[in-house]
Amino acid sequence: MSSSQAPEDQQGGGDPPGDLRSVLVTSVLNLEPLDEDLFRGRHYWVPTTQRLFGGQIVGQALVAAAKSVSEDVHVHSLHCYFVRTGDPKVPVLYQVERTRTGTSFSVRSVKAVQHGKPIFICQASFQQAQPSPLQHQFSMPAVPPPEELLDHEALIDQYLRDPNLQEMYRVGLNRIAAKEVPIEIKLVNPPILSQLQSKEPKQMFWVRARGHIGWKKIPLKGPSEGDLRSEDWISVFTHPCPLPIPAAFVTCHTHTHTP
């Protein structure tokens, strides 16, 4: 999955490597500096929706913000708003505003721009490492560890072996299996496609990058205080909207933990 040492960072554009997983290493989170607090991010993987992957935009924006603060601070909080769909045909410009630089806390505002209009805005708070009795987070749900769950490929293979699987699902799963995705996801309670029924609107899964994230490690502040590395699994608990839904934007509440 990932080697013991991350490869050296590479700035700028250039042709993407042939292995999509290595793109996560060398390109996606390595932003090209254009001016002070102005960066350009590129993308080499586009979901089937033909829109930019929101997680990539968040990651690049956080990297841009972290480049404007000292290395001895931790990411304390991040508030994000997706305001327009991203165009996969053009790069994204990240404009960083140094809202405040204090002794204990620093705040950075980041605007992601395409075609002269913002597609995403966020505010990131950075804090000097210090002990605190306050914890603003729910307890992690009791779920099996990622080692006990089926990965993306194994789950799809299990679905395709079901003789009762509807053809519409079979076609869609084969299309998904043919795409190489740089993110590894393990569902805690994967649905049984031949026995779909209404369930509580929540979803839990483990997620991590298929390779080194690149750039430098971004320190995280929270219950699992430390550096987030590419080989770390993150548990995600979301409240998704039922699909299909006739809406241009879908919102959800996401809660994450690092084991």
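Our subject is the structure listed above.
Predicted model only: the values in this text are computed from it and were never measured.

**A look at the overall build of the protein**
Inference 1: Within the protein one finds four helices and 12 strands.
Inference 2: Counting every position in the protein, which comprises 259 residues, the buried fraction comes to 35%.
Inference 3: If you take every contact in the protein between residues at least 6 apart in sequence, the share linking residues at least 24 apart comes to 65%.
Inference 4: As presented, the protein carries roughly 15,600 Å² of accessible surface, and 53% of it is formed by carbon and sulfur atoms.

**Observations concerning the packing of aromatic side chains**
Inference 1: If you walk through the whole model with that rule in mind, you get one aromatic pair.
Inference 2: For the ring pair F82 and F120, a centre distance of 4.9 Å and an interplane angle of 55° mean the geometry is tilted. On the criterion of sequence distance, the pair formed by F82 in strand β3 (residues 73-82) and F120 in strand β6 (residues 117-128) is long-range, its members being 38 residues apart.

**Points about the environment of E36**
Inference 1: Along the polypeptide, E36 turns up in the loop between β1 (32-35) and β2 (38-41).
Inference 2: As a C-alpha pair, E36 and Q95 span 59 residues in sequence and 9.1 Å in three-dimensional space.

**Focus on the pairing of strand β4 (residues 92-101)**
Inference 1: The pairing of β2 with β4 spans four bridges and is classified as antiparallel. Counted as the bridge partner of F39 is Y94 from β4.
Inference 2: Pairing analysis gives seven bridges linking β4 to strand β5 (residues 105-114), with the strands arranged antiparallel. What sits directly across from L93, in β5, is V113.
Inference 3: Linking β4 to β5, which pair antiparallel, is a turn of three residues.

**Observations concerning unusual backbone geometry**
Among all residues except glycine, the phi angle is most often negative; among peptide bonds, the trans geometry is most common.
Inference 1: Not every positive phi belongs to a glycine, and D37 is a case in point at roughly 60°.
Inference 2: Turning to its location among the elements, D37 is positioned in the loop between β1 and β2.
Inference 3: Phi at H115 takes a positive value of approximately 55°, unusual for a residue other than glycine.
Inference 4: Along the polypeptide, H115 turns up in the loop between β5 and β6.
Inference 5: Classification of H115 as exposed rests on a relative accessible area of 60%.

**Some points on a nonpolar patch on the surface**
Inference 1: On the surface, Y81, V83 and I121 cluster together to form a nonpolar patch covering roughly 260 Å² of accessible area.
Inference 2: By the element assignment, Y81 lies in strand β3.

**Comments concerning the pattern of salt bridges**
Inference 1: Under the defined criterion, the tally for this structure stands at six salt bridges.
Inference 2: A salt bridge links E32 to R42, with the nearest nitrogen and oxygen atoms 3.7 Å apart. One end of the pair, E32, is in strand β1; the other, R42, is in the loop between β2 and α2 (54-66), and 10 residues separate them in sequence.
Inference 3: What makes R42 partly exposed here is its relative accessible area of 29%.
Inference 4: A salt bridge links D37 to R98, with the shortest nitrogen-to-oxygen separation between them at 2.8 Å. Residue D37 is found in the loop between β1 and β2, and its partner R98 is found in strand β4; the two are separated by 61 residues along the sequence.
Inference 5: Owing to a relative accessible area of 14%, D37 belongs among the buried residues under this scheme.

Conventions we followed
Residues numbered from 1 in each chain as written. Predicted model: local features only at pLDDT ≥ 70, side-chain atom pairs only at ≥ 80, totals over all residues. Heavy atoms only, no water. Helix = DSSP H or I, 4+ residues; strand = E, 2+ residues; numbered from the N terminus. Buried < 20%, exposed > 50% of the residue type's maximum accessible area, 1.4 Å probe, protein only. Contact = heavy atoms within 4.5 Å. Areas by Shrake-Rupley, 256 points an atom, 1.4 Å probe, with all protein chains shown as cover. Phe/Tyr/Trp six-rings, centres within 6.5 Å; stacked < 30°, edge-to-face > 60°. Pairing = 2+ DSSP bridges. Patch = residues over 30% accessible without salt bridge, like charges linked within 9 Å, V, L, I, M, F, W, Y side chains within 5 Å. Salt bridge = Lys/Arg side-chain N within 4 Å of Asp/Glu carboxyl O.

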